[in-house]
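The lines below spell out each chain.
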Amino acid sequence: MELELTTCPKCGGTATLLQTRDEYEEIPELDRRTQQVRIPVKVEEFRCQEQSCEHEFERIIREPGP
């Protein structure tokens, strides 16, 4: 498995991927705003490698529709 890197939004340092998990996100249905639709998403958790920061953050990736 390749080490996935990204930039920390807090300090601009290098952040590495800790884990990826599958979840669902609820969004309002367009024609009936009182109802919610659940869509599958992937959540990637990252941690900054700068010792002065060590910020943890998530990135949500929507999966392509059918």
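Not measured: the values here are computed from a predicted model. (Residues numbered from 1 in each chain as written. Predicted model: local features only at pLDDT ≥ 70, side-chain atom pairs only at ≥ 80, totals over all residues. Heavy atoms only, no water.)

Student: When you look at the packing of aromatic side chains in this model, what are you seeing that I'm missing?
Tutor: What describes a pair of aromatic rings is the distance from one ring centre to the other and the angle between the planes of the rings. In the structure shown here, the tally under the stated rule is one aromatic pair. Directly above the aromatic system of Tyr-24 lies the positively charged group of Arg-38, at a separation of 4.5 Å from the ring centroid. (Phe/Tyr/Trp six-rings, centres within 6.5 Å; stacked < 30°, edge-to-face > 60°. Lys NZ or Arg CZ within 6 Å of the ring centre and 35° of its normal.)

Student: Mind showing me how you'd approach the pattern of salt bridges here?
Tutor: A pair can form between side chains of opposite charge whenever their charged atoms are brought close. Under the criterion given, the structure shown has eight salt bridges. For the salt bridge of Arg-21 with Glu-58, the shortest nitrogen-to-oxygen distance reads 3.0 Å. Placement of Arg-21 in strand β2 (residues 14-28) and of Glu-58 in strand β4 (residues 56-62) is noted, with a sequence separation of 37 residues between them. With its nearest N and O atoms 2.6 Å apart, the salt bridge here joins Arg-47 to Glu-56. Taking the relative accessible area as the measure of exposure, Arg-47 reaches 33% and is therefore partly exposed. (Salt bridge = Lys/Arg side-chain N within 4 Å of Asp/Glu carboxyl O. Helix = DSSP H or I, 4+ residues; strand = E, 2+ residues; numbered from the N terminus. Buried < 20%, exposed > 50% of the residue type's maximum accessible area, 1.4 Å probe, protein only.)

Student: What should I look at first to understand the sheet that holds β2 in this one?
Tutor: Pairing between sheet strands relies on hydrogen bonds along the backbone, with the strands arranged either parallel or antiparallel. Strands sit in the order β1-β2-β3-β4 across an open sheet of four strands; the sheet is antiparallel. Every interior strand has two partners, whereas the edge strands, β1 (5-7) and β4, have only one. The average angle at which neighbouring strand axes cross in this sheet is 45°, direction not considered. Of the strand pairs in this sheet, β1 and β2 are connected by three bridges, and their pairing is antiparallel. When the sheet's bridge partners are listed, Leu-5 is paired in β2 with Thr-16. (Pairing = 2+ DSSP bridges. Axes fitted to C-alpha atoms, helices over the stretch in contact; angles between N-to-C directions.)

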